[in-house]
2 protein chains.
Amino acid sequence: MRISFIGAGRVAYHLAKALGSQHQVVQIYSRTFEKAEWLSLQVQAQAISNFENINTDIDLMIIAVSDQSIKGVIEQISPYLKDVCIVHTSGSTHLNVLAKTHDKCGVFYPLQTFSLEREIDWENTPLFIEAANKQDLENLVYLANSLSNKLYSYNSEQRLSLHLAAIFACNFSNYCYDMAKQIVDAKHVDFSLLYPLIQETANKALANNPKDMQTGPAMRGDENIIQMHQEMLKQEKREDLQEVYALLSQQIIQRHTKL
Amino acid sequence: MRISFIGAGRVAYHLAKALGSQHQVVQIYSRTFEKAEWLSLQVQAQAISNFENINTDIDLMIIAVSDQSIKGVIEQISPYLKDVCIVHTSGSTHLNVLAKTHDKCGVFYPLQTFSLEREIDWENTPLFIEAANKQDLENLVYLANSLSNKLYSYNSEQRLSLHLAAIFACNFSNYCYDMAKQIVDAKHVDFSLLYPLIQETANKALANNPKDMQTGPAMRGDENIIQMHQEMLKQEKREDLQEVYALLSQQIIQRHTKL
């Protein structure tokens, strides 16, 4: 397939590199020409920073930009690409946002966390596809199969709930690690001491119901320790962490005394 | 060494089984005799549920009970064990709690999350030891070396900060997984779809500074998505999750715009 990208951020970077090995990446668009060129050089594509220069001889256009920009982008590029399928890569944007403007549209959402510094294990990355018509869906299935064998055809409502869950499981758990690092850093204690614990906590959640794996003072209803920890955070003037500690502990207590 | 335990919970279970292969576990005490016997049978020890039956011919007594019970236990057993070193296994209880009552005291704290269903990788579990006198410290070093090669001599303040950090990195991240599962369960979406994401998020935190690995709408300052997610949780009548979402998003935004 001949594929172009709008966007040269983390998702575009990883998708273009992965798809580029089996398909042809034609153009990369970014408002910042340098960004477009940086990625284009790596996948032998052409860099553009003006929609008027879009090459219309493509099979698929992938919009990989921030959610808030998707609506503006589809409105601007749709006139150039009447007969081309255009997809976005977002977990949290409804297919309708494209369908209102462009008939041949779809979603190609990889459920993974993307950093420039890290390789993606595509084979094990779930891909969620959705399309407004059958022919485009078939093409997306073909494309997705070339990347991963974990392919799911979900509607927008299911995909949105999965993305919301991912924010809790990924973004918020990462922020928990970040808060933990701030706490030990303040006492010159090595954060890497927590690595086995972080690893085991994640492994447990993959093998069991996380609810049953809950441990800690809140789970045990140990009010003395909870109070001591609040006091420690207060003395360190970390009201932000204290607030998180209080809210999550209270909810864990509630969840485990409902039984 | 000849070692006895007060407590037959998760920590006592894993420690007794691990130490029992190289040392002799003499007695297991629990207020509930059945619990004491359940564990004793697995490590060829004697079960007791009355402090008057404590065998005083031991080298070490390990108190593995809830933090709030440690003070009461040391006061009750100290008279029987004047010349025996007594340690607790808690990350969050100061050595002083023992030292006030018993001279030969210490701490033997394994930084790990314990479930009955899961084996512990002791070799990679950091052990934190502390003792009121040099001879007892040496004995604890000897004991700890028989379990793990990650041995640390930390004072109570450092240990307490590490344990507080562990609550964020482990208990709270597990609660994030739990909340994520509740969200997908409500839409009949399979929680296992999030496994690669959970795994990769943990792996990232082990290889990099978690602050630099933060992703998601809050990190990007994407107010539209944040508002949409709040709305979704409100419609599902999950004010509890909405509150967590709001607080953590607000803090992530603050942390990443301070730059």
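Our structure's up above, just so we're on the same page.
Residue positions within a chain follow its written sequence, with the count starting from 1. Both sets of labels track the order of writing: A upward for chains, 1 upward for ligands. Confidence filtering applies because this is a predicted model: local features only for residues at pLDDT of at least 70, side-chain atom pairs given and counted only at 80 or more, and all residues used for totals across whole chains, interfaces and linings. With hydrogens and water set aside, each side-chain value is computed from the structure's full complement of heavy atoms.

## A few points about the packing of aromatic side chains
- Between the rings of Phe, Tyr and Trp (Trp by its six-membered ring), a pair exists once the centres lie within 6.5 Å; its type follows the angle of the planes, with under 30 degrees stacked, over 60 edge-to-face, and the other angles tilted. Counted under the stated rule, the structure contains 22 aromatic pairs over all chains.
- On the numbers, 6.0 Å between centres and 70° between planes, the contact of Tyr152 of chain A with Tyr154 of chain A is edge-to-face.
- Assessed through its relative accessible area of 14%, Tyr154 of chain A is described here as buried.
- Taking 5.3 Å as the distance between ring centres and 15° as the angle between the ring planes, the aromatic pair formed by Tyr13 of chain B and Trp38 of chain B counts as stacked. Placement of the pair is Tyr13 of chain B in helix H1 (residues 10-20) and Trp38 of chain B in helix H2 (residues 33-43), with a sequence separation of 25 residues.
- Buried, partly exposed and exposed residues are distinguished by accessible area as a fraction of the type maximum, computed with a 1.4 Å probe on protein chains only: under 20%, between the cut-offs, and over 50%, respectively. Judged by relative accessible area, which is 11%, Tyr13 of chain B ranks as buried. Here a strand is any run of E in DSSP of at least two residues, a helix any run of H or I of at least four, and the numbering for each starts at the N terminus.

## Brief notes about the packing of helix H9 (residues 223-235) of chain B against helix H10 (residues 239-257) of chain B
Residue and element names in this part refer to chain B.
- Contact geometry for H9 and H10: axes closest at 9 Å, N-to-C directions at 165°. Regarding the angle of H9 to H10, the classification is roughly antiparallel. The two elements H9 and H10 cross, and the hand of that crossing is left-handed. Between H9 and H10, the contacting residues are Glu223, Ile225, Ile226, His229, Gln230, Leu233 and Lys234 on the first element and Leu241, Gln242, Tyr245, Ala246 and Ile253 on the second. Only the stretch in contact is used when a helix axis is fitted, and all axes are lines through C-alpha atoms; the angle between N-to-C directions ranges over 0 to 180 degrees. Each angle is binned into one of four classes, with values under 35 degrees roughly parallel, values over 145 roughly antiparallel, values of 65 to 115 roughly perpendicular, and all other values oblique. Left-handed describes a crossing whose near helix is turned anticlockwise from the far helix through less than a right angle; right-handed describes the clockwise counterpart. Two residues form a contact once any of their heavy atoms are found within 4.5 Å.

## Remarks on the sheet that holds strand S5 (residues 85-88) of chain B
Residue and element names in this part refer to chain B.
- At least two DSSP bridges between two strands are required for those strands to pair. Judged by pairing direction, the sheet is mixed, and its eight strands sit side by side in the order S3-S2-S1-S4-S5-S6-S7-S8 without closing on themselves. Only two strands of the sheet have a single neighbouring strand rather than two, namely strand S3 (46-48) and strand S8 (151-153). Ignoring strand direction, the axes of neighbouring strands in this sheet form an average angle of 25°.
- As paired strands, S5 and strand S6 (residues 105-110) are joined by three bridges and run parallel to one another. Paired with Val87 across the bridge in S6 is Gly106.
- On top of the sheet, helix H5 (residues 134-145) reaches strand S1 (2-6), strand S4 (60-63), S5, S6, strand S7 (127-131) and S8; it is set at about 165° to S7, its chief contact.
- Helix H6 (residues 156-186) contacts S5, S6 and S7 of the sheet and is inclined by roughly 150° relative to S7.

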